[in-house]
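# Per-entry structural report
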Amino acid sequence: MIELRNISKTYAKSGTKAVDTLTLQIPDGIIYGFLGPNGAGKTTTIRILTGAIAADTGSVLIDGIDLDKNPIEAKQRFGLVPDTPDLFSRLRAYEYLNFVADVYRVPAAARTSVIENLAARFELSDVLKSPISSMSRGMRMKLNLIASLVHAPHNWILDEPIVGLDPHSAFALKELMREHAAAGGTVFFSTHVMEVAERICDELAIINRGKLIFTGNLEALRELRESRGAKSGTGEAGTPVAAEASAAADDESLEALFLALVEDSEGPKL
Amino acid sequence: MSRRPASPFMALLTLNLKSLFAIHLPEKKALASPKVLLKTFGWIVLAVFLVADFGFMFAMMDIGMYNALAPLGMQSFMLLYATVMSSVIVFLFAFITSLSFFSSAQYEALFLTMPLNPSSLLTARMATVYAIEAPIAFLVMGIAAGVYGIKSHPGFDFYLYMLFNALAMPLVPLAVSYAVLVPVMSVSRWLRRKNTILYVGGFIGLALALGFNFYLQRMMARIENPVLLQNMLTQNQLNFADIADWWPPAWLTMQAIAQGRTALGSIAATLANLALGVALTAAVAFLFGKSYVKILVNFGETSAVKGTLNQTQAGSIFRARPVFLSLVQRELRLMNREPMYLLNGPFVILLLPVIFAITFIAQGDEMRGAVDQIRPYLTGQAEYLIPAGLGIFLATATSISCTAFSRDAKSLHFLKSLPLRPRDIIAAKLVHALIFAALGIVLGTVGGAIMLGVSTLDAIVALLLAIFGSVALNMGGLAIDTFWPRLSWENPMSALKRNPNAVIMILGSMGLIAGLGVLAATLPLAKYTFALLYGTIFVAACFALGFVLFRAGEKRVRQMEP
């Protein structure tokens, strides 16, 4: 389980408040989607909850362990797939996997078994000896997916994992996410791809301009839209946004609901 | 009224030039901040220093040559020399720069989707190389013109011919470089790789720099001795004249500035030089444009090392290691496999002794004389302090410790999300620097002790001092980069070479070594008292820096945000 309590973060250089008093509880055994437009604060939130950057206020608990007070113990409890797959491009794939496995203190036999199994699923077995620099973006992403699971973490955190994956690998990833949640683990992932979120997520959180604007499942999102009146906050009449949001009134897809909710959260246009 | 859009070629050229120089002068408002003002001033001083440094070197050579040749009535030979020198330097720079620009071919290939014809793409790239070459030709020729002008008082037209011929000088080398490189790269898949280009370019560049250094040392040695210079130039005059005759830009330049030439003849030679350069460059752009585009399209083709791992192989490559060893290994691999880091980091330890050896060989008699002059002073504490200083300098010249976190900027988020103690990350970075420091100490201190023929006791004392000193300085460098890392950069070169921490470290260690040397020469203490004093200072510094790095540094790493 992952808990974020009153997290706020302002970047000193730009003065931008990237995350604003965000509180979120991600229970075990579900796939939790984290959605938001570009610059909403998704990656900053993931970086805070993985200890890559420090929050100004608030706390993060991973399986009840405070990340700030017991960082090593807390970090052992999750595996991260970062949004940039271009890590350590001068290493060979197996060297990178070995490094990550060493850091998590995974015995040789266990790491070999996990890597062989996952490499086969993601069709990466043939290139494990290759330099990462020679791999495509999709292959690097798959390598990061394997690295994130090499220590069989309870919590799996993925930042935009679908980007660059071929259909077969995207399918394999979705299956893995379901298996992980079914085994009682937590899956927390951010995405722009609404169709993926709609099909796979049990719960959703939507963030815009650093503030959480929705948490719940898709049904709750639809109900929220209905209760607020589907036609409100649909942008200035005659604009493409208004037309799109108006169409959302009849369209109950996640994308339409997401657009309308984000539009609502930004208030009336001047 | 709307501004007329620039032509696609001009837009591309502007973008190339802006990317090349990437100088962002602060706005007037920003200069109100003392930090920005100081930084801007520092960069200006550095730029002036660099130009002045090279300018001074050429000016000294030109003045020395003029003074040596004037009694023989051969002073205009200095202009021939400057013209040949300028031709050679510009040619070498043009070749290296053209080659190195291929390393960014993958980015340039993005322009292939735009409505630009192949010859425009190549011309824009050649123009960018020209923008680097022209100031070099201008500097070498301009200084020669200035020296000759002050001493011989030629007419104003002399300066104009020198200026226009200097501008023409880089064109033919540019055309020749691309006429050679494009066909070679077209047929060689091996060369169409960024790493290959960086290594090949780096080594050719180093070889040329060493060769140039060798030549300069020889010239400087002779300029200090006018008789030697006169002998060398008069005996080799035909060789210099041969080069000028054989290389059209040099020959035309000499025709333009030759004494007794009519104005019409000088103008014709200058125009011919410009026309030759422009015509050749245009011909290369036209003839090789399509091949150049093919190189861009096919650049960086790699074939992944394929082959399914069998059980035995998997067992042999997936081995568990202690976390700390894995961290150190990561540091070594990431540095040694990045050509830019390797050539400017660990490789420096080997390069500096080679430069020293070249200087020694080139200035043979002078250097031996200098060593003989120093030898009487090589007594007392100098017997162990000089080898120790050499070792400390080599051990800290690699910039490994003082750029350790800066180089990790792109993966810092991920690294910090791993269950690692910041102190382990810091310690691994320090150990990485110290591994190469050990090599520097072996070459500098042990090599220096052998070369100077000091006693075993002095060699051991020097070795101990070098170890303590280099550990302290590397810890200092790492502390600087831990507290003030350069985490925003666009390529590995800027992480290392444009990192102020590297400059601070090299200048700092040189200053410290010089300061301790001066102190040793002035304080009236017994021979080994200095060893005790400096050793105590180094050890105390190690403890203090250890505290800073592993206490405050740990907190700093937690707060570090790229």
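Computed from a prediction, not measured in an experiment: that's the story for all the values here. (Residues numbered from 1 in each chain as written. Chains lettered and ligands numbered in written order. Predicted model: local features only at pLDDT ≥ 70, side-chain atom pairs only at ≥ 80, totals over all residues. Heavy atoms only, no water.)

## Brief notes about the overall build of chain A
Counting secondary structure elements, chain A contains 10 helices and 10 strands. Taking all 270 residues of chain A together, the buried fraction comes to 54%. Counting contacts in chain A only where the partners sit at least 6 residues apart, residues at least 24 apart contribute 69% of the total. When the accessible area of chain A is evaluated, it comes to approximately 10,900 Å², of which 51% is carbon and sulfur surface. (Helix = DSSP H or I, 4+ residues; strand = E, 2+ residues; numbered from the N terminus. Buried < 20%, exposed > 50% of the residue type's maximum accessible area, 1.4 Å probe, protein only. Contact = heavy atoms within 4.5 Å. Areas by Shrake-Rupley, 256 points an atom, 1.4 Å probe, with all protein chains shown as cover.)

## Brief notes about the overall build of chain B
Secondary structure assignment for chain B yields 24 helices and zero strands. When the 562 residues of chain B are sorted by exposure, 44% land in the buried category. Of all intrachain contacts in chain B linking residues separated by at least 6 positions in sequence, the fraction that spans at least 24 positions is 85%. Summed over all atoms, the accessible surface of chain B reaches about 27,500 Å², with 71% contributed by carbon and sulfur.

## Some remarks on the interface of chain B and chain A
Taken together, the contacts link 39 residues of chain B with 45 residues of chain A. Surface buried jointly by chain B and chain A totals about 3,900 Å² across both partners, of which 61% is contributed by carbon and sulfur atoms. For the pair chain B and chain A, the number of links is four salt bridges. In this structure, Lys9 of chain A and Glu561 of chain B form a salt bridge, with 2.4 Å as the shortest nitrogen-oxygen distance. Counting the contacts that link chain B with chain A gives 12 residue pairs in polar contact (both at pLDDT 80 or more). The leading source of residues in the side of chain B that touches chain A is helix H13 (residues 323-336) of chain B, at six residues. Per-class residue counts for the side of chain B that touches chain A are 17 nonpolar, 10 polar and 12 charged. (Buried area = accessible area lost by both parts, 1.4 Å probe. Salt bridge = Lys/Arg side-chain N within 4 Å of Asp/Glu carboxyl O. Polar contact = N/O pair within 3.5 Å; in protein donor to acceptor, adjacent residues only side chain to side chain. Nonpolar A, V, L, I, M, F, W, Y, C, P; charged D, E, K, R; others polar.)

## Quick word on the nonpolar core
Grouped together as the largest cluster of nonpolar side chains are 122 residues, with contacts concentrated most on Tyr96, Trp156 and Phe188 of chain A. The element that contributes the greatest number of residues to this core is helix H3 (residues 93-103) of chain A, accounting for eight residues. (Core = buried A, V, L, I, M, F, W, Y, C linked by side-chain atoms within 4.5 Å.)

## Description of the sheet that holds strand S10 (residues 211-216) of chain A
All names here are of chain A. The mixed open sheet is built from six strands, whose spatial order is S6-S7-S8-S3-S9-S10. Two strands in the sheet have a free side with no partner beyond their single neighbour: strand S6 (78-81) and S10. In this sheet, neighbouring strand axes are inclined to one another by 15° on average, regardless of whether the strands run parallel or antiparallel. Note: S6 against strand S7 (residues 155-159), four bridges, orientation parallel. Its bridge partner lying in S7, Leu80 is registered against Ile157. Against the sheet, helix H5 (residues 137-149) contacts S6 and S7, and its axis sits at roughly 175° relative to S6. (Pairing = 2+ DSSP bridges. Axes fitted to C-alpha atoms, helices over the stretch in contact; angles between N-to-C directions.)

## Topic: H3 of chain A
All names here are of chain A. A large share of H3 lies buried, amounting to 11 of its 11 residues. Taken as a whole, H3 has its buried residues at Ala93, Tyr94, Glu95, Tyr96, Leu97, Asn98, Phe99, Val100, Ala101, Asp102 and Val103. Of the residues trailing H3, Arg105 is marked for its positive phi of about 55°.

## Describing the packing of helix H5 (residues 118-152) of chain B against helix H6 (residues 156-168) of chain B
Residues and elements named next belong to chain B. Put simply, H5 and H6 touch, their axes get as near as 8 Å, and they point 155° apart. As far as their axial angle goes, H6 and H5 are roughly antiparallel. Considering the relative orientation of H5 and H6, their crossing is right-handed. Contacts between H5 and H6 involve Tyr130, Ala137, Phe138, Met141, Ala145, Tyr148, Gly149 and Ile150 from the former and Phe158, Tyr159, Met162, Leu163, Ala166 and Leu167 from the latter. Of the residues in the contact of H5 with H6, the class split is 13 nonpolar, one polar and no charged. (Parallel < 35°, antiparallel > 145°, perpendicular 65-115°, else oblique. Left-handed = near helix turned anticlockwise from the far one by under 90°.)

## Considering the confidence of the model for chain A
Across chain A, the average pLDDT comes to 86, with 89% of residues at or above 70. This model gives residues 233-238 of chain A a pLDDT under 50, and the stretch forms 11 contacts once residues within four places in sequence are excluded. (pLDDT = per-residue confidence, 0-100.)

## Examining the pairing of S10 of chain A
Residue and element names in this part refer to chain A. Looking at chain direction, strand S9 (residues 203-208) and S10 are connected through five bridges and run antiparallel. Bridge pairing in S10 links Ile206 to Phe214. Hairpin remark: S9 followed by S10, antiparallel, with two residues in the connecting loop; positive phi at Arg209, about 50°.

## Concerning unusual backbone geometry
All names here are of chain A. Backbone geometry places Thr21, a non-glycine residue, at a positive phi of 40°. Here Thr21 lies in strand S2 (residues 17-26). Of note in the backbone geometry, Glu123 takes a positive phi value of approximately 55° without being a glycine. Since its relative accessible area comes to 52%, Glu123 is described here as exposed.

## Comments concerning the confidence of the model for chain B
Detailed reading of the predicted model is not advised wherever pLDDT is low. With 90% of its residues at a pLDDT of at least 70, chain B reaches an overall mean of 85. Confidence estimates for the predicted assembly give a pTM of 0.77 and an ipTM of 0.88.

## Considering the environment of Pro170 of chain B
Residues and elements named next belong to chain B. Along the polypeptide, Pro170 turns up in the loop between H6 and helix H7 (171-187). The class for Pro170 is buried, based on a relative accessible area of 0%. Taking the C-alpha atoms as reference points, Pro170 and Leu80, separated by 90 residues in sequence, lie 17 Å from one another. Ignoring anything within four residues of it in the chain, the contact list for Pro170 reads Val90, Tyr130, Glu133, Ala134 and Ala137.

## Topic: the side chain of Asp66 of chain A
Residue and element names in this part refer to chain A. Topologically, Asp66 is positioned in strand S5 (residues 65-66). Despite being buried, Asp66 has no salt bridge partner; Lys69 is the closest side chain of opposite charge, sitting 4.1 Å away. With near-sequence residues (within four places) excluded, Asp66 lies in contact with Ser59, Val60, Leu61, Pro71 and Ala74. (Lys, Arg positive; Asp, Glu negative; His and termini not counted.)

## Focus on the packing of aromatic side chains
What characterises a pair of aromatic rings is the spacing of the ring centres plus the angle enclosed by the ring planes. By the definition in use, this model includes 17 aromatic pairs over all chains. Centre to centre, the rings of Phe91 of chain B and Trp247 of chain B are 5.7 Å apart; their planes meet at 80°, and the pair counts as edge-to-face. Separated by 156 residues along the polypeptide, Phe91 of chain B in helix H3 (residues 77-101) and Trp247 of chain B in the loop between helix H9 (226-246) and helix H10 (248-257) bring together distant segments of the chain. Judged by relative accessible area, Trp247 of chain B falls into the buried class, the value being 13%. Ring geometry for Phe483 of chain B versus Trp484 of chain B: centroids 6.1 Å apart, planes at 55°, classification tilted. Its relative accessible area of 61% is what places Trp484 of chain B among the exposed residues. In textbook terms, an aromatic cluster arises when at least three aromatic residues are bridged by ring pairs, as seen for Phe88, Tyr96 and Phe99 of chain A together with Phe414 of chain B. Seen from the ring of Tyr341 of chain B, Arg407 of chain B lies directly overhead, with NZ or CZ sitting 5.7 Å from the centre. The residue whose ring lies beneath Lys410 of chain B is Trp489 of chain B, and the NZ or CZ to ring-centre distance is 4.8 Å. (Phe/Tyr/Trp six-rings, centres within 6.5 Å; stacked < 30°, edge-to-face > 60°. Lys NZ or Arg CZ within 6 Å of the ring centre and 35° of its normal.)

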